[in-house]
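# Chain and residue survey
Spelled out, the chains give:
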Amino acid sequence: MGEAPAGSPVRSERTGDVAVVYAGDYLNKLSGERIERVCRERLREGCRALVVDFNETSMVNSIGVSILLGVIDAAERTSARLVFAGASGQAAQLFQLLGLTRHVTLAPDKQTALKLLSEFTDAGAANH
Amino acid sequence: MAEQTDKLIHAFSALADLGAEIAESRDFEEMVRSTLHVVLGALGLRRGLVAEYEREPALLRFVAAWGMGDDAPNMATFDAGRAELLCVGSGLLNLSETQTRPALPQQLGTELTATLVSLRVSLVAPLVVHGELVGLIALGGKATDEAFTAEDRDVIRTMAHHIGVGIHNHRLLREVERRADENRQLYNNLRGIYRDTVRAFAAAIDCKDKYTQGHSERVGKYAEIIARELGWSEEQIEGVAVGGYLHDVGKLVVERDIINAPYRIDAKQSSELNRHPAAGYEILAPIRHPDADIPLMAKYHHERIDGRGYPEGLMGDEIPPAAKVVALADSFDAMTTDRTYRRRKEFPDVIEDLRSNTGRQFASDVVIAFCRALLKEVDGTPRERRITRLLGKGYIEPELVRPLLVELIEELEARAHATAGNG
Ligand SMILES: [Fe+2]
């Protein structure tokens, strides 16, 4: 799952409506566009929520920010929920500074992110 | 205030990223896409596109887009007048002012303005290098939902300048590559014409002598095979092949009757025939060949290592190496094809001839190389059996020929070794 067309694959996994996509260490290069592509694929497959996991991403640069803004755009176009999990202090500060946090929820790690989303989907389900 | 400083530091490091992306990307579109990401990521912008301006035909070609889903256009016509207007303008165009500044749509054109507004682009930066438009970058949607600040505009202006220079440089490079390609193609065409002319000439030479049809072409091919086995460069190989094709060109000026004589010719006729190497040189010398030695190959293809050849009686290394190769190729073909007054030799006799004449008529290294090439064919190494094919079906019997070749190579190598030891 989540094979990128070229180079090392973007790792992603899916549990029910939620997909976790791992940002890895290629976010900050042009090849990082593959992350956005994988996110869009998961959304097209019907995922209602995305977690982008930054556990293996030490820092985020301008290209990384742009790619993540693309992910935000893709999520908003399908009204999907989006959580960034495990971002480093530097990255989290940058997300705050540039306004990404207005569009995305930050979680300290993947487990917390998934828990957050399950509460959301449960709440969503309860509303119906 | 602290936030403003942090933003400035981030923009600054993005500027460094931009320089690296422009310098390191070898592919034009990759370079443009990377730089767009840097600008968007520097200021936290949600969408943008970069277009390259082409003068002929006058249009904007959108090279990179981000945050626009599938809505980004591919190209838009953009006439030269507008391009000029953009260059003399004051820099950034704020599309959110289209209502208050009616001049704006005029600058970009109503259609393009409408397209960009529909894509929620709010700022356009023309990319200008040396007073000429090379493209533009269109940006919109700060993730903070704030308006562009004066500092943002400064960052965009600086980055736009860098991206413009990057596009301009890539274009220059593409132009240089295109011209180099054109030149290469032209050169290859000329080489092709030259080769065809040479082959036509060879056919004309062989036509004069009805019993040696295909001789010149075969000599060219044998010479090429030997030169390759000797490890010569591609240019040298091609040169010696041409030398082989043209070695007998002088026969065009020697009497047809003598050439076609169905008997062994007398001394007078022989001296007339022996004029052909020098005559060939006279014909070939005024031509500017890619390989300057070609006239010498014609002139010296009847010279012998022992100095008993003609026209000059050169000895050993006085004979140019390429002429030694052509000489062997020529004699080998003469031995292995039927002539008016005799049938061709059996292959074991050819080997004997090579054995006794190496060091007298033929250069040892040239004979060894030829035998090696033939041995490789007999062993089935090369996919193309070129010599075997030139000799015709059934002439070479591998089981018989192989030991003869091995023996001759060993003997000639031992002889060469002994001579080197004595010297
Ligand atoms: Fe000759």
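Residues numbered from 1 in each chain as written. Chains lettered and ligands numbered in written order. Predicted model: local features only at pLDDT ≥ 70, side-chain atom pairs only at ≥ 80, totals over all residues. Heavy atoms only, no water.

With that settled, the discussion passes to the sheet that holds strand β3 (residues 49-53) of chain A. All names here are of chain A. With respect to topology, 5 strands assemble into an open sheet ordered β1-β2-β3-β4-β5, the strand pairing being mixed. In this open sheet, the two edge strands, each paired with only one partner strand, are β1 (12-15) and β5 (105-107). Between one strand axis and the next, the sheet turns by 20° as a mean value, whatever way the strands run. Sheet topology places strand β2 (residues 18-22) next to β3; 5 bridges connect them, and they run parallel. (Pairing = 2+ DSSP bridges. Helix = DSSP H or I, 4+ residues; strand = E, 2+ residues; numbered from the N terminus. Axes fitted to C-alpha atoms, helices over the stretch in contact; angles between N-to-C directions.)

The next point concerns the packing of helix α3 (residues 89-97) of chain A against helix α1 (residues 2-24) of chain B. Packing of α3(A) against α1(B) brings their axes to within 11 Å, and their N-to-C directions diverge by 110°. Judged on the interaxial angle alone, α1(B) and α3(A) are roughly perpendicular. Between α3(A) and α1(B), the residues in contact are Gln93(A), Leu94(A) and Leu97(A) and Glu3(B), Asp6(B), Lys7(B) and His10(B), respectively. Residues belonging to the contact of α3(A) with α1(B) are distributed by class as follows: 2 nonpolar, 2 polar and 3 charged. (Parallel < 35°, antiparallel > 145°, perpendicular 65-115°, else oblique. Contact = heavy atoms within 4.5 Å. Nonpolar A, V, L, I, M, F, W, Y, C, P; charged D, E, K, R; others polar.)

Once that is clear, we can look at the coordination of the iron ion. Residue and element names in this part refer to chain B. Protein coordination at the iron ion comes from Asp248 (OD), His276 (NE2), His301 (NE2) and His302 (NE2), with a distance range of 2.2 to 2.4 Å. Bound by 4 donor atoms, the iron ion shows angles of 79 to 163° at the metal and therefore irregular coordination geometry. Sequence spacing of the donors to the iron ion: D-x27-H-x24-H-H. With His276 in helix α11 (residues 276-284) and His302 in the loop between α12 (294-299) and α13 (321-335), this residue pair connects regions lying 26 residues apart in the sequence. (Donors = N, O, S within 2.8 Å, 3.2 Å for Na, K, Ca; no water. Tetrahedral: all angles 85-135°; square planar, octahedral: opposite > 155°, others 65-115°.)

Glancing now at the side chain of His247(B). Residues and elements named next belong to chain B. Secondary-structure assignment places His247 in the loop between α8 (234-246) and α9 (256-259). Judged by relative accessible area, His247 falls into the buried class, the value being 0%. There is a polar contact of 3.2 Å between the side chain of His247 and the side chain of His215. Here Asp248 takes part through its side chain, which lies 3.2 Å from a polar atom of the side chain of His247. Once residues lying within four places of it in the same chain are set aside, the contact partners of His247 are His215, Ser216, Val219, Ala298, His301, Val326 and Asp330. (Buried < 20%, exposed > 50% of the residue type's maximum accessible area, 1.4 Å probe, protein only. Polar contact = N/O pair within 3.5 Å; in protein donor to acceptor, adjacent residues only side chain to side chain.)

Residue and element names in this part refer to chain B. Within the open sheet, the 6 strands sit side by side as β3-β2-β1-β6-β5-β4. Their pairing is antiparallel. The strands lining the two open edges of the sheet, one partner per strand, are β3 (75-77) and β4 (93-94). Sheet strands touched by helix α5 (residues 110-118): β1 (45-54), β2 (59-66), β3, β5 (123-129) and β6 (132-142). Its angle to β2, the strand with the most contacts, is close to 5°.

With that out of the way, let us pick up the confidence of the model for chain B. Residue and element names in this part refer to chain B. Chain-level statistics for chain B give a pLDDT mean of 89 and a share of 93% at 70 or above. Confidence, read as mean pLDDT per element, is least for α9 in chain B (64) and greatest for α13 (97). Note on the complex model: pTM 0.64, ipTM 0.89. (pLDDT = per-residue confidence, 0-100.)

Glancing now at α1(B). Between its terminal C-alpha atoms α1(B) stretches 33 Å, which fits the 33 Å expected from 23 residues at 1.5 Å a residue. Regarding α1(B), the residues found buried are Lys7(B), His10(B), Ala11(B), Ala14(B), Leu18(B), Glu21(B) and Ile22(B). Those residues of α1(B) that are buried lie in contact with α2 (62-77) and α3 of chain A together with α2 (28-43) and α6 (150-208) of chain B. (Expected span 1.5 Å × (residues − 1).)

Residue and element names in this part refer to chain B. Of all 8 residues that make up β2, 6 are buried, and the element is covered over most of its length. As paired strands, β1 and β2 are joined by 7 bridges and run antiparallel to one another. The residue of β2 that forms the bridge with Ala51 is Phe62. Note: β2 against β3, 3 bridges, orientation antiparallel. Of the residues in β3, the one forming a bridge with Leu59 is Thr77.

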